[in-house]
Amino acid sequence: MKRPPQKKILPVLFIFYIFIFSLGFKKTGPDNGRKEGPFPLDPKIQILNQGQPFQIKSPSYAAHEVLVKFKPFLSEKMINATIAAYRSQKLKRILHLDVYQIQIPEKASVKEMIYALKLNPYVMYAEPNYIAHIEKTPNDTLFKYQYALSNSGQEVGPAGSPRGTSSADIKATAAWEETMGAEETLIAIIDTGADLKHADLQNKIKSSGHDFVNNDDDATDDHGHGTFVAGIAAADTNNNEGIAGVAWNCKILPVKVMGKDGQGYYSWIIDGISWAVANGARVINLSLGGEFDSEALKAAVRYASEKNVVVAAAAGNDGGAVLYPAAYDDYCLAVAATDYNDHWADWSNSGPQVDVAAPGVEVLSTVPTWYFEPKYLPYGFASGTSAATPHVAGLAALIRTIKPWLSAGEIMNIIRFSADDINSSEHPGKDGFIGYGRINMEKALVPIKIKK
Amino acid sequence: MKRKQIALFLLFFLTFLARLPFAQSLERNRSFLTSLKPGFGFEYFSRAISWDDKKYTSKLKAVLAYLDAKYEIQEGFSASLLLGYCSSNWNGLVFRKLPFSTDYEAGRKGGILIGAEIRKSLPAIGNFEIEGYAQFVTCLGLKKEWDLESLNTEGKVKGTPYWMRAAIGPIVTYTGFKDFYPYIYPSLNMLWGKYKMEQTVQDLIGKEDKMISGKSVFSLALGSLYEITDQWSVKGEISLLPYKAGLDIGLRAEAFYSF
């Protein structure tokens, strides 16, 4: 393996330093140079650093330990003597690798010790004893069923349910390392309303919203669909209860535009979009649609887009053409559904307007507390592009949170171009089934490494 | 507070320099400084840099190789021009203002090095010769392009970096040995620069100018000059640059030929 460049320079530095001082000895005589062997820690360095660790960010390694590998020709006795010369103590020798875990003096920092060790020609490498961690995983009790967010090949529902394919998910846990959203980023759930008192939603709901069906300011859900959608996008997360939302910290703005029968007039939807934009929504989720093209509906989503509000809309579940407003390609992200094996759901509507896909089969989310009998938890599994769409809305909200300067169109493109083309073997590139692919939150949010 | 201290130090130092006769000659027991001295040099340094309003920190590691033309304008006053190649490692810079955040881990980037030095002799104290010394160096990195391979469409980033360094301070040289002149050089040592990154992913276009600045502003260099022959002399120097949470290092070697 090629050694990192900085490791190459240290022996050069050492030789150079010895060379300079040896010149002095030869010419001048006075013994004011350093002697061979390990350098003792210079107390001045400690004073300069005031005992502070060299690491700028919060420590991510053991406070008083370093890992050292010595040159292979060094005997055990020599190694022990070298460690002692640094006023350190051997804690452990890791078998087969000959890496030494050593405890450094109380007053020395890890970085100081590594700096000193690296100057020693007998040391191959020295590094902190770093602390690894698992990816950010919420403590929500039902998170293990949310294959859409993190799929380890687990059963996708209660015992006996099918198992998913590992990594057939939207890479939420990796993305949450970068951002978990912010309260200021409002996601409007324009739907049947939301259960405002649901334990996993009540702290996430910005206001009681607006009900365009009954024309009041109480968007309480009397159907169940909106509550389900809201939970996927932004359920209360890491609260030791229920499920995790895609956008941990973003808030929900419930807007009721569909009645208890799950139907609503276009006028209500148009009103709802307009109201949501006016009331601070940065992302709009439309897990709804109709077969009919409408200039007014198109104007509503265009208005939202022009106001820099990202609109995610469901493609539809009847296997037909993409519904409206999802079909308004310039202003909406049309979302198709995939399953726990990263396969396109065959009932998911298709067409050239489909932009991306997200898990929409057997998705777990919140349901209103009145929905099931009291002996059951207010959570349930459901399928549909309605379930896929809030995954995309949640991602849009996270992007909006960390890059508020981007336009709606730019955020839509980030979501498109970062998607995984999971059906590339049959349909390489953008296609009418999953568009650019199943969304990948990690690629959309986590800095992409550029390498040589 | 730090800026005020720096400004006071600079003011004091420049005033001190200005008060001395321009052509003041020093007694010399060596002849390495004649009218023209071509030379070459190498330098390595590792400097902690901060960026995004000092929110983040990474290391800038650079290797410099240069030709040096030193000209003695008057007795005790010389100027040098430096021209050469620089290779800088900017690993750890993260560009979060681009549409797709980008983490630079592409290692070293080559560039052109341009610099200048001024050296002015001050009164000697016994065997200690004192000179005022100022150096300015800039490394103009060449533009380079990388593919963003993880996306489902073609995407590219183009990077163009540069950094500049200015140092000023007194060099105190001990002249009591024959042919060998150890010296100490405390200086104000400022480093700053910019990494311009452009991203294009279809019609997604973004640009981020990341301003960087060195965390250390003070350097203590220890070095020695050795006259091998009447014509040839070599110089080696190691620099320590402390900052609040760490210590940067620098290393320099030069060789000169005197006509």
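All of these numbers come straight from a predicted model, not from anything done at the bench.

Further remarks concern the overall build of chain B. A count of helical and extended segments in chain B gives one helix and 14 strands. Looking at chain B as a whole, 35% of its 259 residues are labelled buried. When contacts within chain B are restricted to residue pairs at least 6 apart in sequence, long-range pairs at least 24 apart make up 61% of them.

Now for the pairing of strand E3 (residues 99-103) of chain A. All names here are of chain A. Only one face of E3 is buried: it carries Tyr100 and Ile102, and the other face, with Val99, Gln101 and Gln103, is open. As paired strands, strand E1 (residues 61-70) and E3 are joined by five bridges and run antiparallel to one another. In the strand pairing of E3, Val66 is matched with Ile102. Direction of pairing for strand E2 (residues 89-94) relative to E3: antiparallel, over a ladder of five bridges. Across the sheet, residue Ile94 finds its bridge partner in E3, namely Val99. Here E2 hands over to E3 after four residues, with His96 in that stretch at a positive phi of 70°.

With that settled, consider the sheet that holds strand E8 (residues 281-286) of chain A. Residue and element names in this part refer to chain A. Spatially, the seven strands line up as an open sheet ordered E6-E7-E5-E8-E9-E10-E11, and their pairing is parallel. Looking along the sheet, the strands with just one partner apiece sit at the ends: strand E6 (210-211) and strand E11 (354-359). Lying on the sheet, helix H6 (residues 225-234) is in contact with strand E5 (186-191), strand E7 (251-256) and E8; it crosses E5 at an angle near 155°. Sitting on the sheet, helix H7 (residues 266-278) is in contact with E5, E6, E7 and E8, with an inclination near 165° to E5.

Turning our eyes to something else, we now look at the confidence of the model for chain A. Per-residue confidence for chain A averages 86 on the pLDDT scale, and 85% of its residues sit at or above 70. For residues 1-59 of chain A, every residue scores under 50 in pLDDT, and the model assigns this stretch 77 contacts once sequence neighbours within four places are set aside.

Moving on to helix H9 (residues 385-402) of chain A. With 18 residues, H9 of chain A ought to run about 26 Å at 1.5 Å a step, and its terminal C-alpha atoms sit 27 Å apart, in line with that. Across the 18 residues that make up H9 of chain A, a large majority, 17, are buried.

In this section: the environment of Ile399 of chain A. Residue and element names in this part refer to chain A. Structurally, Ile399 is set in helix H9. C-beta crowding within 10 Å serves as the criterion here: with 28 such atoms nearby, Ile399 is assigned to the buried category. Along the sequence, Ile399 and Thr185 sit 214 residues apart, while their C-alpha atoms lie 9.8 Å from each other. Setting aside anything within four residues of it in sequence, one finds Ile399 in contact with Ile411, Ile414, Ala444 and Leu445.

Turning next to the sheet that holds strand E14 (residues 448-450) of chain A. The three strands lie next to each other as E14(A)-E5(B)-E4(B), forming an open sheet whose pairing is mixed. Every other strand in the sheet has two partners, leaving E14 of chain A together with strand E4 (94-95) of chain B as the edge strands with one partner each.

Let's shift gears to unusual backbone geometry. Residue and element names in this part refer to chain A. In the segment running from Tyr324 into Pro325, the intervening peptide bond is cis, with an omega of 15°. Among the secondary structure elements, Pro325 is positioned in the loop between strand E9 (310-314) and strand E10 (333-338). Residue Asn240 is not a glycine yet carries a positive backbone phi of 60°. Tracing the backbone through its elements, the reader meets Asn240 in the loop between H6 and E7. Here Asn240 falls in the exposed class, since 9 other C-beta atoms lie within 10 Å of it. Even without glycine at this site, Glu362 takes up a positive phi of about 50°. Topologically, Glu362 is positioned in the loop between E11 and strand E12 (363-366).

What follows concerns the nonpolar core. Residues and elements named next belong to chain A. Counting residues in hydrophobic clusters, the biggest one holds 168 residues, and the most contacted among them are Ile187, Val311, Val335 and Ile415. Broken down by element, this core gets its largest block of residues, nine residues, from H9. For this core, the domains that each give at least three residues are domain 2 (38-130) and domain 3 (143-445). Other than its neighbours up to four places away in sequence, Val335 contacts Ala312, Ala313, Ala314, Ala315, Val356, Ala357, Ala358, Thr385, Ala388, Thr389 and Val392.

Moving on, we come to the packing of H6 of chain A against H9 of chain A. All names here are of chain A. One can describe the packing of H6 onto H9 by two numbers: an axis separation of 8 Å at closest approach and a directional angle of 35°. Between H6 and H9 lies a crossing of right-handed hand. Where H6 abuts H9, its residues His225, Val229, Ile232, Ala233 and Ala234 lie against Ser386, Ala387, Pro390, His391, Ala393 and Gly394. A per-class count over the contact of H6 with H9 returns seven nonpolar, four polar and no charged.

Residue and element names in this part refer to chain A. Mapped onto the elements, Ala219 comes out in the loop between E6 and H6. A C-alpha to C-alpha distance of 8.8 Å links Ala219 and Val257, two positions 38 residues apart in sequence. If we skip the residues at most four places from it in the chain, Ala219 touches Gly193, Ala194, Ser208, Gly209, His210, Asp211, Pro254, Val255 and Lys256.

We now examine H6 of chain A. Residue and element names in this part refer to chain A. Most of H6 is tucked away: ten of the ten residues are buried. Inspection of H6 places His225, Gly226, Thr227, Phe228, Val229, Ala230, Gly231, Ile232, Ala233 and Ala234 among the buried residues, and these make up the whole buried set. The elements touched by buried residues of H6 are E5, E7, E8, E12, strand E13 (379-382) and H9.

Each value, and the rule that gives it
Residues numbered from 1 in each chain as written. Chains lettered and ligands numbered in written order. Predicted model: local features only at pLDDT ≥ 70, side-chain atom pairs only at ≥ 80, totals over all residues. Helix = DSSP H or I, 4+ residues; strand = E, 2+ residues; numbered from the N terminus. Buried ≥ 20, exposed ≤ 12 C-beta atoms within 10 Å, placed from the backbone. Contact = placed C-beta atoms within 7 Å. Pairing = 2+ DSSP bridges. Axes fitted to C-alpha atoms, helices over the stretch in contact; angles between N-to-C directions. pLDDT = per-residue confidence, 0-100. Expected span 1.5 Å × (residues − 1). Core = buried A, V, L, I, M, F, W, Y, C linked by C-beta atoms within 7 Å. Domains from an automatic or database assignment. Left-handed = near helix turned anticlockwise from the far one by under 90°. Nonpolar A, V, L, I, M, F, W, Y, C, P; charged D, E, K, R; others polar.

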